[in-house]
Amino acid sequence: MTGLVGRGVERVDGRAKVTGAARYAADNAVNGVLHGALVMSTVARGEITELDTSAALASPGVVAVYTHENMLPLTVPPDFPYPKRFIPLQDTRIHHNGQPVAYVVAETLEQAQEAATLVRVRYRVAPPTALLADALDEAFLPRDFRGRPNETVRGDAAAALERAEVRVEQEYTSPMQHHNPIEPHTTTAVWDGDSLTLYESAQGVVLTRMVVAQAFAKYVLEQDIRVVSPYLGGGFGAKGPTWSHTLLTAAAARLARGPVKLVLTRAQMYTMNGHRAEYRRGLRLGATRQGRLTAIVDTSTAQLTRTEESIYNTSNSTLHLYACPNVHVRQLGVRLDLPTSSYMRSPETTAHFGLETALDELSYEVGLDPVELRVRNHLPAGPPASKYLLECYRMGAKAFGWARRDPRPGVTRVGDEYVGWGMATETHTYNAIPSFAELTIDEAGRATLRVASQEIGTGTYTVLTQVVADGLGMPLDHVTTLLGDTAFPAAAISAGSSTMPSVVGPVSTAARNARDAVVAIAVADPRSPLHGVPAADVVAEHGQLFVRGDRRRRDSYRDVVRRHGQAVVVNGSGPNTPGHSFGAVFVEVRVRPRLGAVRVSRVVAAYDPGRVLNHRTAHGQVIGGVTWGIGFALMEHTVVDRNTARVVNPTLSTYLVPVCADTPSVESYFVDRPDPASKPALGARGFGETPGTGVPAAISNAIFHATGRRLRDVPFTQDKLL
Amino acid sequence: MRAFGYTVAESPADAVRIAAGTPNSAFVAGGTDLLNLMRDGAQSHDHLVDLNHLDLARIDMDATTLRIGALARMRQVAEHPEVRREFPVLSQALLASASPQVRVMAAIGGNLLQRTRCGYFRDAGSACNKRVPGSGCPAISGHNRGHAILGGSEHCIATHPSDLAVALTALDATVHLLGPDGGRAVPVADFHLLPGSTPQRETVLRQGELITRVDVPRTRAATRSRYLKLRDRASFEFAVVSVAAALRLDGRTVGDVRLAFGGVGTRPWRDTGVEAALRGRELTEAAVSAAGRVLVRDAVPRDGNGFKVELVQRALVSVLGELGGVR
């Protein structure tokens, strides 16, 4: 081992990204490619009665205009990961505003866009329902989603609440939000006879291939579909499931008999690829006067649609984070005339915001420090898993200076700003999905890893290269990692914090297998200086193979494989189990109460993600997560017009996300101890979605500490503090 | 976006002649707003006349007046040493606008002509009286948190988004225009129109008329001036409420005060009654609060923007407090 795993190795793909050498999905130059443009509905509910494409068809360069009248008939994929549950352009029904009603194909992008403005559509319109507030009395308990029930009962929460010495009962609300990756969704579909290649912005190439195969069951076999997605300009969940633009582009390319490229506009990304649903959450906590939780009743209501009823923002932390004997979780929903929601950036943040704010309220009710309250309700992990959350509280509190906090609200002032300190626990579930890897050692002594995982901006190329280099005993720059192609061994979707826990096991196994295979060849080869040495006595470092204890007796990967006469190719697998990562975040805010202005001035966070594979990329995840947490708390919200159910702010100039000036530098600390429950992944857990989950509550709690005003409705814009 | 023609103008007169003679044409300089509007289908032109080669980018100051060429870029004006010294409010308003990248591109004339950020206006799939006269105003019964409480009509309640225009309004600037029939000068306070029943008409500009220059008179008050901008994020965002203030104190008495407000009106908002309520009085929080009440006496709050009635008054107290040392 050369000890690369754990080090803050720089991005191996950094140079390619900053020089433009990295080819993102829409960068692929495909000969003779045609360009697509979508025409979107301007009503939310009803039916197309008339669709006139004649002007568009007569427009220069237009090859075809596809509508429900001439689109290829497709099969609706049965379930997740095709959340939409209907395919546009298959019939006249309108399910939401901003639904595709026509697909223009032209020789240039500009021609396609211009022709799209010339399609005339008439509708029979029914009045839509757009807001949760307008349909709360229609809330219902949706059926199980992905094998999980939407109601969970532990103990007798109602009775325990009745008996509780202290109660907190409040409502917490959050609006619709959108992922907003900088790279828009894009598909380029290339048919070659009955085989299909898709250059795709996808967080999961394998699942995308599966969904496309389901939709095109009449036309193509799954094995004849290739999905390529080597780089992603951000995904945040928006590119996890497969969406209709991918299916429509593949269909358009088949009908047009030529490759077709589609890039969604920013506005289209507000209705085409999911969002975080609007939520209302009633939370009732019961506790002893000493602050021990005796009951939690968590009843949430989410926006659903009339075509599906999936709950994506589950109340996992209510169920699993704290020691509470009586818990009742109900995840309700109401059907609205809106696009389908989906997973978005740490989906559990939605529920966790309520829980961690309510705990802060409880800490004031019982007169306990918010950290101490959480320590008293700590739930140790069940074996074999580890959980160093108490260590996170200690590390974070110490680095922040929490012990100096005067708990009284509204007493600390600097200039015309009130200062507030708040904290929250951070946690998220991670998934582990069966994955496979292939590793080749060639005659130059270089290693190439192939795995159908993805680089979604988080550092997959870098960390897997470290794992391979360490496993082989090879310098980092002798290892090339190739990702994002269904031609490679199948691997997990890069969503649900699943990449590392799923893929590191197969990759490190492949590295170990490759090393063993090369050593076996060497010791069996009379031409090798290592001939006859017991394999267990061979050590690999820097691409060299030594005899333990006698460094002069050596061979190298290059020489062994060269003598062998052909590359050594091995595979690896290494199934893992899902789990949770943990942390604690401490936030300082400055508030000008008279103007309602809030800024976050300091963030310190400490985490237990198991073993840290790369401190630099892990810290990067923290910066990203905390920044999104600030956005969630202070500004992000998608506005839907109550009368038309149309998104009013589908642009980055009106849907606000934090800029640098909103975001202080973030200090992060890691316990960095391997989790035995994630042994295949070298003790590393899934971590990506954990940072930020507690930030909205920590900010709310800090605002309360600064001002004595308790905010329970994100985002905390100026009007709410006046 | 639709195909359009394009000509590079060689002189101001050339630009005016082409634009006046070409139906549905528009001038383009930085293009930071226009091109987005055209891409989004919120605005459509058959022809663009490019002004970037015209000699209209100078900034000069003499004993009485600052003269800003219409093609001076936002950054140039914001960083100009004399602007910073003599007109802090102008520099601050510009630096609080947009992003560094936009400020390098965007010209002063275009800044005054930027269109409202109303989401209904910018969405070609929505009704909007400003974009399609007679189609209706969804903001009045819809989402109007960012909309005006002053100067609205039953046809339109959209705010004007320019910070610069607010500062220039407070400073009594004059906009110089060149048209097919020659030049004229318009006080900036009269340059933008109230929506009334014709919200599609936003300024006094006639077809082909070009902004060539903005003149700002030097005053003692201007040297003691400030721009306060309240917004939903710290940078690259339009005002929820803003105040441009210039103040001359004679002892504790208000000798001269100029005030204009952004984010609350359908045009950069100046109300001389507010200034009259302060002039000649001692600058106290009570006096400023009374002046603030004058500002909002005719305010028409809607479902989402009622908070602005209170916020703009508090912003006024805050900015005059800072300028006048009142706490």
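This structure is a prediction, so every number in the text was calculated from the model and none was measured. (Residues numbered from 1 in each chain as written. Chains lettered and ligands numbered in written order. Predicted model: local features only at pLDDT ≥ 70, side-chain atom pairs only at ≥ 80, totals over all residues.)

Turning to the overall build of chain B, a few remarks are in order. When you go through chain B residue by residue, the secondary structure sums to 15 helices and 11 strands. In terms of overall size, chain B behaves like a compact globule, its C-alpha atoms giving a radius of gyration of 19 Å where 327 residues would be expected to give roughly 20 Å. Along the first, second and third principal axes, the C-alpha set of chain B runs to 60 × 50 × 35 Å. Relative to its 327 residues, chain B shows a buried fraction of 53%. For chain B, contacts bridging at least 24 residues in sequence account for 64% of all contacts bridging at least 6. (Helix = DSSP H or I, 4+ residues; strand = E, 2+ residues; numbered from the N terminus. Rg over C-alpha atoms; globule rule 2.2 N^0.38 Å. Buried ≥ 20, exposed ≤ 12 C-beta atoms within 10 Å, placed from the backbone. Contact = placed C-beta atoms within 7 Å.)

Right, let's get into the domain arrangement of chain A. Residue and element names in this part refer to chain A. Taken domain by domain, chain A holds domain 1 (14–21 + 432–573), domain 2 (32–127 + 206–216 + 239–269) and domain 3 (346–430 + 578–721). If you average the C-alpha positions of domain 1 and of domain 3, the two centres end up 38 Å apart. Residue-level contacts link 14 residues of domain 1 with 18 residues of domain 3. Mapped onto the side of domain 1 that touches domain 3, the elements with two or more residues apiece are helix 11 (460–472) and helix 12 (499–524). Residue contributions to the side of domain 1 that touches domain 3 peak at five residues, all from helix 12. A class-by-class count of the residues in the side of domain 1 that touches domain 3 yields five nonpolar, nine polar and no charged. (Domains from an automatic or database assignment. Nonpolar A, V, L, I, M, F, W, Y, C, P; charged D, E, K, R; others polar.)

This part covers the UniProt feature "domain: Aldehyde oxidase/xanthine dehydrogenase a/b hammerhead" (unreviewed entry) in chain A. Following the UniProt record, the feature "domain: Aldehyde oxidase/xanthine dehydrogenase a/b hammerhead" (unreviewed entry) maps to residues 19–127 of chain A here. Counting secondary structure, residues 19–127 of chain A comes out at 13% helix and 31% strand; the distance between its end C-alpha atoms is 50 Å. (UniProt positions renumbered as here; feature names shortened; annotations may be inferred.)

Here the focus is the UniProt feature "domain: FAD-binding PCMH-type" (unreviewed entry) in chain B. Per the UniProt record, the feature "domain: FAD-binding PCMH-type" (unreviewed entry) sits at residues 1–221 of chain B. When the span residues 1–221 of chain B is considered, its composition is 32% helix and 18% strand, and the gap between its end C-alpha atoms is 46 Å.

All names here are of chain A. Where helix 5 (residues 205–215) contacts helix 6 (residues 244–256), the two axes come as close as 10 Å, and the packing angle between them is 55°. One way to sum up the angle between helix 5 and helix 6 is to call them oblique. Crossing geometry of helix 5 relative to helix 6 is assigned as right-handed. Contacts between helix 5 and helix 6 involve T208, V212 and A215 from the first element and T246, L247 and A250 from the second. Of the residues in the contact of helix 5 with helix 6, the class split is four nonpolar, two polar and no charged. (Axes fitted to C-alpha atoms, helices over the stretch in contact; angles between N-to-C directions. Parallel < 35°, antiparallel > 145°, perpendicular 65-115°, else oblique. Left-handed = near helix turned anticlockwise from the far one by under 90°.)

Residues and elements named next belong to chain A. The end-to-end C-alpha separation of helix 10 (residues 389–400) is 16 Å, in line with the 16 Å expected for 12 residues at 1.5 Å each. Turning to helix 10, its buried residues number three or more, namely L389, C392, Y393, M395, G396 and F400. Packing partners of the buried residues in helix 10 comprise helix 9 (370–376), strand 17 (417–430), strand 25 (579–592), strand 26 (597–608) and strand 27 (666–670). Just past helix 10, the residue G401 takes up positive phi, approximately 85°. (Expected span 1.5 Å × (residues − 1).)

All names here are of chain B. As for its position among the elements, V28 is in strand 2 (residues 25–28). Accessibility expressed as a C-beta count within 10 Å gives 21 for V28, which makes it buried. Measuring from C-alpha to C-alpha, the distance between V28 and A107 comes to 9.5 Å, with 79 residues separating the pair along the chain. Those residues in contact with V28, other than ones at most four positions away along the chain, are L34, L48, V49, D50 and L51.

It is worth spelling out helix 11 of chain A at this point. Residue and element names in this part refer to chain A. With 13 residues, helix 11 ought to run about 18 Å at 1.5 Å a step, and its terminal C-alpha atoms sit 18 Å apart, in line with that. Counted residue by residue, helix 11 has 13 buried out of 13 residues, so it is predominantly covered. Positive backbone phi, approximately 75°, marks G473, located one or two places after helix 11.

Here we come to the sheet that holds strand 23 (residues 550–556) of chain A. Residues and elements named next belong to chain A. Ordered in space as 21-22-23, the three strands form an open sheet in which the pairing is antiparallel. If you trace the sheet from one side to the other, it starts and ends with strand 21 (538–541) and strand 23, each paired once. On average, adjacent strands in this sheet sit at an angle of 35° to one another, irrespective of strand direction. When strand 22 (residues 544–547) meets strand 23, the two strands line up antiparallel, connected through four bridges. What sits directly across from V547, in strand 23, is D550. Relative to strand 21, helix 12 is tilted by about 125°, and along the sheet it contacts strand 21, strand 22 and strand 23. (Pairing = 2+ DSSP bridges.)

Our next topic: the interface of chain A and chain B. Interfaces are often sized by the accessible area lost when the parts come together. The interface of chain A with chain B comprises 29 residues on the first partner and 27 residues on the second. Broken down by secondary-structure element, the contributors of at least two residues to the side of chain A that touches chain B are helix 3 (109–116) and strand 26 of chain A. A per-class count over the side of chain A that touches chain B returns 11 nonpolar, 10 polar and eight charged.

For the rest of this paragraph, the subject is the sheet that holds strand 11 (residues 253–262) of chain B. The pairing of strands in a sheet happens through backbone hydrogen bonds and is either parallel or antiparallel. All names here are of chain B. In space, the three strands of this open sheet follow the order 9-10-11, with antiparallel pairing throughout. Edge positions in the open sheet fall to strand 9 (225–230) and strand 11, since each of these has one partner strand only. Averaged over all adjacent pairs, the angle separating strand axes in this sheet is 15°, with direction ignored. Contacting strand 9 and strand 10 (241–250), helix 5 (residues 88–95) runs over the sheet at an angle of about 25° to strand 9. Of the strands in this sheet, strand 9, strand 10 and strand 11 touch helix 10 (residues 163–170), which is tilted by about 155° from strand 11.

So, on to unusual backbone geometry. Residue and element names in this part refer to chain A. Following F80, the chain continues into P81 via a peptide bond in cis, with omega recorded as 10°. Note that P81 resides in the loop between strand 3 (62–66) and strand 4 (93–94). With an omega of -5°, the peptide bond between V714 and P715 qualifies as cis. As for its position among the elements, P715 is in the segment after helix 15 (695–707). Despite not being glycine, R345 shows a phi value in the positive range, around 25°. Inspection of the secondary structure puts R345 in the loop between strand 15 (327–336) and helix 8 (349–366). Overall, R345 belongs to the buried group, with 25 C-beta atoms counted inside 10 Å. Here the phi dihedral of H542 falls at roughly 50°; this positive angle occurs in a residue that is not glycine.

This part is about the pairing of strand 2 (residues 46–52) of chain A. Residues and elements named next belong to chain A. In this sheet, strand 4 lies alongside strand 2 in antiparallel orientation, the contact comprising two bridges. Each residue of the ladder has a partner; that of G46, found in strand 4, is I94. Of the strand pairs in this sheet, strand 2 and strand 6 (residues 120–125) are connected by six bridges, and their pairing is antiparallel. Across the sheet, residue L51 finds its bridge partner in strand 6, namely V121.

All names here are of chain A. The interhelical angle for the contact between helix 12 and helix 13 (residues 557–564), taken along N-to-C directions, is 65°, at an axis separation of 10 Å. Comparing the axis directions of helix 12 and helix 13 gives the class roughly perpendicular. Where helix 12 crosses over helix 13, the handedness of that crossing is left-handed. Contact with helix 12, carried on its side by V518, I521 and A522, involves Y557, V560, V561 and H564 of helix 13 and no other residues of that element. When grouped by side-chain class, the residues that make up the contact of helix 12 with helix 13 number six nonpolar, one polar and no charged.

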